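The chain contents come next:
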Amino acid sequence: MKKSILITGGAGFIGSHVVKLFVEKYPNYQIVNLDALTYAGNLENLREIEGASNYKFVKADIQDSKSLEKIFNTYQISDVIHLAAESHVDRSITDPLAFVMTNVIGTVNLLNVAKAAWKENYHDHLFYHVSTDEVYGSLHDDSYFLETTAYDPQSPYSASKASSDHFVRAYANTYKMRTVVSNCSNNYGPNHFPEKLIPLCINNIKNNKPLPIYGKGENVRDWLYVKDHARAIDTVFHKGKAGETYNIGGFNEWKNIDIVRLLCKKMDEKLGREPGTSEQLITFVKDRAGHDLRYAIDATKIQKELGWEPSLQFEEGIEITIDWYLANEEWLKNVTTGAYQDYYEQHYTS
Ligand code: NAD
Ligand code: TYD
C-alpha cells in the first residue's frame, strides 16, 4: 500500500538510519524527512539516499504549526514517525527549557496538526512516537524496565520525554488517535554525535585527548546497535498494535568504565599502539548531577509478539562502529569543526 510517511528528526543519529532504511526498503512509500537542523542535525548522514525519488527533505521546526500544516497538506502525510527531540542529558541540565519547547510543546503541536489533517478519522493513519527507557528512572537493584513499569524520570531530558509520551497516550485515549510508543535503551553506531559517551571516547582516543568518566564509571547502560533500533522501529510501525507500548533493548549491559576500557583496548590494536597506551587517557571527573545509576530493558514483549530481536552481538557492533569512525575522518572533522552545518546551504538552497 502507498504511504506518505513524515519522519521527524531524520537528520539526527537514529532518525537518519530510520530514513535510510525506509527509503531503501519501501520504494513505494514517500518518505518526508522534517528536521530543524539544530546542532544535532547533519544532512551528511543522508548522502546515500538524498537523490532518491521517494525521498524529500524539509527544513522545519516542530514548534511551528504553520510549517507543519503546509507539509501535511503538500505531501498528504498518512503516518508519522516522530524522533525529533533534544536528546542530550548534559544539555538538559544546563538548559531544561529548550527540552520542554521541543520535546513537549513540539510533540503536542505535531499531534494537533496530525489530528486536524487526518480530520479525526484515524483508520488508515498511525502516529508513532519514538521514546527512551530513561522515562522509567534509575534502577538500584537487579530488576528490568517493563512496559508496565511506572514512569519515574530523573533528569530534565527524561522528564520532557515522559511528558511527551503521556501526551501521545492521552491523544489515543481522548481522541482515539491510533498511536504507538516505543522506549529504547542507549544506541551506538555510525553517525553518533561525538558529545555522547562512545563516539566522544573514540574521537578522543584517536586524538590522544582525555576520556572524561563521570564519577567512578560504575553507571550501567544497556547498549543497542542503532541499525537494530531502526529495524525495531520498522517492525513496530508495520506490526505493532495501536495503543500499545514496546520496550526495545540490547540485552547488553555495561558499566561505563568497562566500555571505555574496551574501546581503549580495541583502538590500541587498530592504531598500532602498545597495549595499555590509550587507557592512560582515562580521567575521572565530577559526576553528572542526578546521574541515573542503571538502565536495563526487558525486551521480551517485542521479541515474543512481533518477532524482533537484536541482530548484532556487541563485540561485532563496536568493531563496526570504531572502523566506521576511523574510515570517516571527514564526517568527524566536519562535525567537530562545525562545517557540517554549511551542508544545507550548499546542497539545498540555490
Ligand atoms: P539526535 O539529537 O541525534 O537527533 C535529533 C534530531 O532532531 C536532530 O536532527 C535535530 O536537528 C532534530 N531536532 C531537534 N529539535 C527539533 C525541532 N524543534 N524541530 C525539528 N527537528 C528538531 O537524537 P537521536 O539520538 O537520534 O534520538 C532520536 C530520538 O530517539 C529522540 O526522540 C530520542 O529521545 C530517542 N532515543 C534516543 C536514544 C539514544 O540512545 N540516542 C535512545 C532511545 C531513544
Ligand atoms: P550518554 O552517552 O550521554 O547517554 P545517556 O546519558 O543518555 O545514558 O552517557 C552514557 C553514560 O556515560 C552515562 O552514564 C554518562 C556517562 N558519560 C561519561 O561518563 N562521560 C562523558 O563524557 C559522557 C558524555 C557520558
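Please read these numbers as outputs of a predicted model, since none were measured by experiment.

Our focus in this paragraph is the overall build of the protein. When you go through the protein residue by residue, the secondary structure sums to twelve helices and twelve strands. By its C-alpha atoms, the protein is 65 × 50 × 40 Å across when sized along the principal axes. When the 350 residues of the protein are sorted by exposure, 57% land in the buried category. Once local pairs closer than 6 in sequence are excluded, the contacts in the protein between residues at least 24 apart make up 83%. Element-wise, carbon and sulfur atoms account for 50% of the exposed surface of the protein, whose accessible area totals about 15,100 Å².

Below, the discussion takes up the packing of helix 8 (residues 256-271) against helix 10 (residues 314-327). Any two packed helices are characterised by the angle at which their axes cross and by the distance between the axes. The N-to-C vectors of helix 8 and helix 10 enclose an angle of 55 degrees; their axes lie 11 Å apart at closest approach. With respect to their mutual orientation, helix 8 and helix 10 come out oblique. Here helix 8 and helix 10 pass one another in a crossing that is right-handed. Of the residues in helix 10, those touching helix 8 at Ile 259, Leu 262, Leu 263, Lys 266, Met 267, Lys 270 and Leu 271 are Phe 314, Glu 315, Ile 318, Glu 319, Ile 322, Asp 323 and Leu 326. In terms of residue class, the contact of helix 8 with helix 10 is made up of nine nonpolar, no polar and five charged.

The three strands lie next to each other as 7-9-11, forming an open sheet whose pairing is mixed. On the outer flanks of this sheet lie strand 7 (186-188) and strand 11 (253-255), each paired with one strand and no other. Each neighbouring strand pair of the sheet contributes to a mean axis angle of 50 degrees, computed without reference to strand direction. As paired strands, strand 9 (residues 220-225) and strand 11 are joined by three bridges and run antiparallel to one another. Its bridge partner being in strand 11, Asp 222 is matched across the sheet by Glu 253.

Another aspect to go through is the site of ligand 1. Neighbouring ligand 1 are 30 residues, the closest being Ile 14, Asp 35, Ser 87, Tyr 157 and Lys 161. One nitrogen or oxygen atom from the main chain of Ala 36 is found 3.1 Å from a nitrogen atom belonging to ligand 1. In the model, an oxygen atom of ligand 1 is placed 2.9 Å from a nitrogen or oxygen of the Leu 83 main chain. Summarising the interface, the protein chains cover 96% of the accessible area of ligand 1, which totals 840 Å² for the free molecule. Elements represented by at least two residues in the shell around ligand 1 include exactly helix 1 (13-25), strand 2 (30-35), strand 5 (126-132), helix 5 (156-175) and strand 7. In the shell around ligand 1, the residues fall into 15 nonpolar, twelve polar and three charged.

Taken together, Leu 97, Val 100, Met 101 and Ile 105 make up a surface patch of nonpolar side chains, about 330 Å² in accessible area. Along the chain, the position of Val 100 falls in helix 4 (residues 96-117). Take Val 100: its relative accessible area is 34%, and that puts it in the partly exposed class.

On to the sheet that holds strand 2, then. Here we have seven strands laid out as an open sheet, ordered 3-2-1-4-5-6-10, and parallel in their pairing. A strand with exactly one partner marks an edge of an open sheet, and here the two such strands are strand 3 (55-59) and strand 10 (245-248). Across the sheet, the axes of successive neighbouring strands diverge by a mean angle of 20 degrees, strand direction being ignored. Strand direction decides the pairing type here: strand 4 (residues 79-82) and strand 5, joined by four bridges, are parallel. Counted as the bridge partner of Asp 79 is Leu 126 from strand 5. Sheet strands in contact with helix 5 are strand 5, strand 6 (179-184) and strand 10, and its direction is about 155 degrees off that of strand 5. Each of strand 1 (4-8), strand 4, strand 5, strand 6 and strand 10 is contacted by helix 7 (residues 226-239), which is oriented at about 145 degrees to strand 5, the strand it contacts most.

Conventions and cut-offs
Residues numbered from 1 in each chain as written. Chains lettered and ligands numbered in written order. Predicted model: local features only at pLDDT ≥ 70, side-chain atom pairs only at ≥ 80, totals over all residues. Heavy atoms only, no water. Helix = DSSP H or I, 4+ residues; strand = E, 2+ residues; numbered from the N terminus. Buried < 20%, exposed > 50% of the residue type's maximum accessible area, 1.4 Å probe, protein only. Contact = heavy atoms within 4.5 Å. Areas by Shrake-Rupley, 256 points an atom, 1.4 Å probe, with all protein chains shown as cover. Axes fitted to C-alpha atoms, helices over the stretch in contact; angles between N-to-C directions. Parallel < 35°, antiparallel > 145°, perpendicular 65-115°, else oblique. Left-handed = near helix turned anticlockwise from the far one by under 90°. Nonpolar A, V, L, I, M, F, W, Y, C, P; charged D, E, K, R; others polar. Pairing = 2+ DSSP bridges. Near = heavy atom within 4 Å. Polar contact = N/O pair within 3.5 Å; in protein donor to acceptor, adjacent residues only side chain to side chain. Patch = residues over 30% accessible without salt bridge, like charges linked within 9 Å, V, L, I, M, F, W, Y side chains within 5 Å. Salt bridge = Lys/Arg side-chain N within 4 Å of Asp/Glu carboxyl O.

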